[in-house]
Amino acid sequence: MYCEGVKGPERIETPRLVLRKPTKDDASAIFSRYSSDPEITKYLGWPRHQSLEATNAFLDASDREWTQWPAGPYLIESRNDHRLLGSTGLHFKTSTAAVTGYVLARDSWGCGYATEALNAICAVAGDLGVGQVIAHCHEDHAASRRVLEKCGFTRASQAPELLEFPNIGSGRPERCLRYFRSFD
Ligand SMILES: CC(C)(COP(=O)(O)OP(=O)(O)OC[C@H]1O[C@@H](n2cnc3c(N)ncnc32)[C@H](O)[C@@H]1OP(=O)(O)O)[C@@H](O)C(=O)NCCC(=O)NCCS
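The present account deals with the structure reproduced in this document. (Residues numbered from 1 in each chain as written. Predicted model: local features only at pLDDT ≥ 70, side-chain atom pairs only at ≥ 80, totals over all residues. Heavy atoms only, no water.)

What to know about the pairing of strand 3 (residues 73-78)
Among the six residues that make up strand 3, six are buried, leaving the element largely enclosed by the rest of the structure. Covered by surrounding structure in strand 3 are Pro73, Leu75 and Glu77 together with Tyr74, Ile76 and Ser78, the residues of both alternating faces. Between the end of strand 3 and the start of strand 4 (residues 84-89), which pair antiparallel, lie five residues, with His82 showing a positive phi angle near 65 degrees. (Buried < 20%, exposed > 50% of the residue type's maximum accessible area, 1.4 Å probe, protein only. Helix = DSSP H or I, 4+ residues; strand = E, 2+ residues; numbered from the N terminus. Pairing = 2+ DSSP bridges.)

Structure follows, in structure tokens:
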């Protein structure tokens, strides 16, 4: 059940990863590892960062989310060598509904990290009394769909919705699937 004032952990450890609240010092690593890369950001819902200014704006927004809500974005690091691998998090829509997503640097794909990170995020959501975690995924993005399915997410409906994907550059809304996982 949701409890007013309860905060999520700022640091989470999984077998291979550390998920932690971002700080201002993370800007250049975020920018160089994933947020400025056209291939990595293709299917993301936020515009690829064209300069460090955009990354700093993300970090400011992250601080605001963590102040206003029980949690917010998390960076994903390797437990072994503390290398930045990517990010995930909970973007609260209401006190009981949050949207999640995940992005990894190219050299970290195919290792099961997204699944490990998303399972950790779901555990936090459950502990915080979030009733439902939602994720949006481009219809063609098979790897991301597989991550969601492995983490117990269900498709909200068979019919795709139309959503803007700012980095695809098609100039029209794209077919998007909405997934959710409920915690009761
Ligand atoms: C999508 C992304 C997060 C996946 O991360 P990852 O750590 O490689 O994912 P995992 O290894 O945990 O799981 C991927 C699964 O998809 C499968 N997969 C990968 N490519 C696939 C493809 N083209 N078709 C079908 N399945 C595929 C993998 O085999 C694996 O499933 P399995 O464990 O049953 O074998 C990563 O590629 C990424 O960061 N991409 C760029 C950002 C992005 O698109 N984020 C998602 C936005 S919705």
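Structural notes on helix 5 (residues 142-150)
Along helix 5, the positions that sit buried rather than exposed are Ser144, Val147 and Leu148. One face of helix 5 carries all of its buried residues, which in axial projection span an arc of 95 degrees. Of the exposed residues in helix 5, the ones pointing more than 90 degrees away from its buried face are Ala142 and Ala143. Close packing links the buried residues of helix 5 with strand 7 (102-104), helix 4 (113-127), strand 8 (132-138) and strand 11 (174-182). (Arc of directions from axis to C-beta. Contact = heavy atoms within 4.5 Å.)

Focus on the pattern of salt bridges
All told, the structure shown has 15 salt bridges when counted by the stated rule. The closest approach of N and O atoms between Arg79 and Glu13, which form a salt bridge, is 3.4 Å. One end of the pair, Arg79, is in the loop between strand 3 and strand 4; the other, Glu13, is in strand 1 (residues 11-13), and 66 residues separate them in sequence. Since its relative accessible area comes to 36%, Arg79 is described here as partly exposed. Note on Glu13: relative accessible area 46%, which makes it partly exposed. As a salt-bridge pair, Asp60 and Lys24 come within 2.9 Å of each other at their nearest N and O atoms. Placement of Asp60 in helix 3 (residues 52-68) and of Lys24 in the loop between strand 2 (17-20) and helix 1 (27-35) is noted, with a sequence separation of 36 residues between them. (Salt bridge = Lys/Arg side-chain N within 4 Å of Asp/Glu carboxyl O.)

A word on the site of the ligand
Looking at the ligand, there are 21 residues lining it, with Leu104, Gly110, Thr115, His141 and Lys150 nearest. One of the backbone N or O atoms of Tyr102 is found 2.8 Å from a nitrogen atom in the ligand. Within the backbone of Leu104, one N or O atom sits 2.8 Å away from an oxygen atom of the ligand. Here the ligand has 960 Å² of accessible area as a free molecule, and 70% of this is covered by the chains. Secondary-structure elements contributing two or more residues to the shell around the ligand are strand 7, helix 4 and helix 5. Looking at the shell around the ligand, the element that brings in the most residues is helix 5, giving six residues. (Near = heavy atom within 4 Å. Polar contact = N/O pair within 3.5 Å; in protein donor to acceptor, adjacent residues only side chain to side chain. Areas by Shrake-Rupley, 256 points an atom, 1.4 Å probe, with all protein chains shown as cover.)

Observations regarding the nonpolar core
One finds Leu19, Tyr74, Leu90, Phe92, Leu118, Leu148 and Phe153 to be the most contacted residues of the largest nonpolar core, which totals 35 residues. At the level of secondary structure, the elements contributing two or more residues to this core comprise strand 2, strand 3, strand 7, helix 4, strand 8, helix 5 and strand 11. Considering each element in turn, this core owes the most residues, nine residues, to helix 4. With nine residues, the next largest nonpolar core counts Ile30, Tyr34, Leu44 and Leu59 among its residues. (Core = buried A, V, L, I, M, F, W, Y, C linked by side-chain atoms within 4.5 Å.)

Section: the state of the cysteines
Applying the stated criterion to the full structure yields zero disulfides. We note that Cys111 lacks a disulfide partner, and the nearest cysteine sulfur, in Cys151, lies 15 Å from it. Cys122 provides the cysteine sulfur closest to Cys151, a residue in no disulfide bond, and the two sulfurs are 5.9 Å apart. Classification of Cys151 by relative accessible area gives buried; the value is 2%. (Disulfide = S-S within 2.5 Å.)

Shape is all these values report; function is a separate question.
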